[in-house]
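# Report on the structure
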Amino acid sequence: LDPSLDLVAEINRLRKEKNAVILAHYYQDGAIQDIADFVGDSLDLSRKAAATDADVIVFCGVRFMAEVAKILSPEKIVVLPDLEAGCSLEDSCPPDEFEAFVKARPDHIVLSYINCSAAVKGLSDIIVTSSNAKHIVNSLPKDQKIIFGPDRHLGGYLARQLGREDMVLWQGTCIVHEKFSEKELIKLKAQYPDAPVAAHPECPDNIIAHADHVGSTRDILNFSINSPADTIIVATEPGIIHQMEKAAPHKTFIGAPGADGNCSCNTCPFMALNTMEKLYLCLRDLGPEIQLDEETRVKAEKPLRRMLEMSP
Ligand code: 13P
Ligand code: SF4
């Protein structure tokens, strides 16, 4: 790329020319969040993708999120700056193994976290995100047997919180949220005794145990901005701190530490594959494009639509 190219101006020109909407997740680089038409958590981004009248959706997030956009808006061109932007939760749940797991428990309803492949969605009854999971689980009868995949930490959190201890959990994890160190977090809390901890439910239970607030990225953002405390410890991917600092510049937001005592090791390596250069290129070239075969798309659409209907 010509280094003299004004990426911001080019992206702005191209998005008009192509009638494109740029959607970004809170874990994206700050410059990408700043140029996006909309920044949100997984649920808000899927709602936006379903409702947009743009011709092109440029999804700055990971591949499963862009796939959700394509599943809900199949007539649109959906592009992702880097097609290699996967997710460890998706990787930890191969569809053929999940299918056998589900088939072995025919009397269970299958709830899947949105962080999974389109094929796994197609094996599910209802999709959930971290902002609607509690509500959706609570709307099922108490004696309803539930399989929850692929995140064992979100599943374990729901089971404990909602008294659904018999929920059958697929044993997947997010490599980013698993990196937080309880020992280092305790040290940080001792240093900032008045700072509340806001944590994402993808964190293991030994981190959740120290949290004053647990929720999706949007929930964590709202909690952190509205909390009367002037210092907040944030136990999720540190990309979200960008929006916190914009909304409450007088406050201090500290990313929860990993074993090395700082938060940079908790950057999501998949989210980080998207850059401003790749965003420009994918708008210019309208690729890489998300392609799904129609059978897979239709199967995945049903549980996603159910999620949208059941979400508060
Ligand atoms: P939410 O934005 O829905 O909280 O999801 C977090 C996440 O890990 C996305 O990959
Ligand atoms: Fe997947 Fe974890 Fe990255 Fe979210 S933070 S995209 S769950 S690997």
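If you're wondering where the values come from, they're calculated on a predicted model, not measured in any experiment.

Conventions used here
- Residues numbered from 1 in each chain as written.
- Chains lettered and ligands numbered in written order.
- Predicted model: local features only at pLDDT ≥ 70, side-chain atom pairs only at ≥ 80, totals over all residues.
- Helix = DSSP H or I, 4+ residues; strand = E, 2+ residues; numbered from the N terminus.
- Rg over C-alpha atoms; globule rule 2.2 N^0.38 Å.
- Buried ≥ 20, exposed ≤ 12 C-beta atoms within 10 Å, placed from the backbone.
- Contact = placed C-beta atoms within 7 Å.
- Core = buried A, V, L, I, M, F, W, Y, C linked by C-beta atoms within 7 Å.
- pLDDT = per-residue confidence, 0-100.
- Near = placed C-beta within 6 Å.
- Nonpolar A, V, L, I, M, F, W, Y, C, P; charged D, E, K, R; others polar.
- Axes fitted to C-alpha atoms, helices over the stretch in contact; angles between N-to-C directions.
- Parallel < 35°, antiparallel > 145°, perpendicular 65-115°, else oblique.
- Left-handed = near helix turned anticlockwise from the far one by under 90°.
- UniProt positions renumbered as here; feature names shortened; annotations may be inferred.

A few words now on the overall build of the chain. Counting secondary structure elements, the chain contains 15 helices and 12 strands. Taking 20 Å as the expected radius of gyration for a compact globule of 312 residues, we find that the chain reaches 19 Å, a close match to that expectation. In the chain, which comprises 312 residues, the proportion classed as buried is 48%. For the chain, the proportion of contacts with a sequence separation of at least 24, taken over those separated by at least 6, is 64%.

Moving on, we get to the nonpolar core. The biggest cluster of nonpolar side chains holds 93 residues, and the ones touching the most others in it are Leu23, Val58, Phe59, Val234 and Ala235. Not counting residues up to four positions away in its chain, the partners in contact with Ala235 are Phe180, Val197, Ala198, Ala199, His200, Cys203, Ile207, Ala211 and Ala256.

This part is about the confidence of the model for the chain. Per-residue pLDDT for the chain averages 97, and the proportion of residues at 70 or more is 100%. Our summary of model confidence lists the complex with pTM equal to 0.97 and ipTM equal to 0.98.

Moving on, we come to the site of ligand 2. Residues in close proximity to ligand 2 total 13 residues, the closest being Cys87, Ser88, Cys174, Val176 and Cys268. Counted by class, the shell around ligand 2 contains 9 nonpolar, 2 polar and 2 charged residues.

Glancing now at the site of ligand 1. Surrounding ligand 1, one finds Asp41, Ser42, Asn115, Thr129, Ser130, Ser131, His200, Glu202, Ser216 and Thr217. Among the residues making up the shell around ligand 1, the classes are represented as no nonpolar, 8 polar and 2 charged.

It is worth spelling out the packing of helix α1 (residues 7-17) against helix α14 (residues 276-285) at this point. Two elements in contact, α1 and α14, have axes separated by 10 Å at closest approach and are oriented at 30 degrees. When the axis of α1 is compared with that of α14, the two are roughly parallel. The hand of the α1/α14 crossing is left-handed. Of the residues in α14, those in contact with Leu7, Glu10, Ile11, Leu14 and Arg15 of α1 are Met276, Glu277, Leu279, Tyr280, Leu283 and Arg284. A class-by-class count of the residues in the contact of α1 with α14 yields 7 nonpolar, no polar and 4 charged.

The next subject is helix α4 (residues 63-72). The buried count for α4 comes to 10 of 10 residues, which makes it a mostly enclosed element. Restricting attention to buried positions, one finds in α4 the residues Arg63, Phe64, Met65, Ala66, Glu67, Val68, Ala69, Lys70, Ile71 and Leu72.

Here, the residues flagged by UniProt with the feature "binding site: [4Fe-4S] cluster" (unreviewed entry) are Cys87, Cys174 and Cys268. Look at the named residues: they lie 182 residues apart in sequence, but the longest C-alpha span between them is just 9.3 Å, so in the fold they bunch up. Here Cys174 shows up in the loop between β8 (168-169) and α10 (182-191). For Cys174, a count of 24 C-beta atoms within 10 Å puts it in the buried group.

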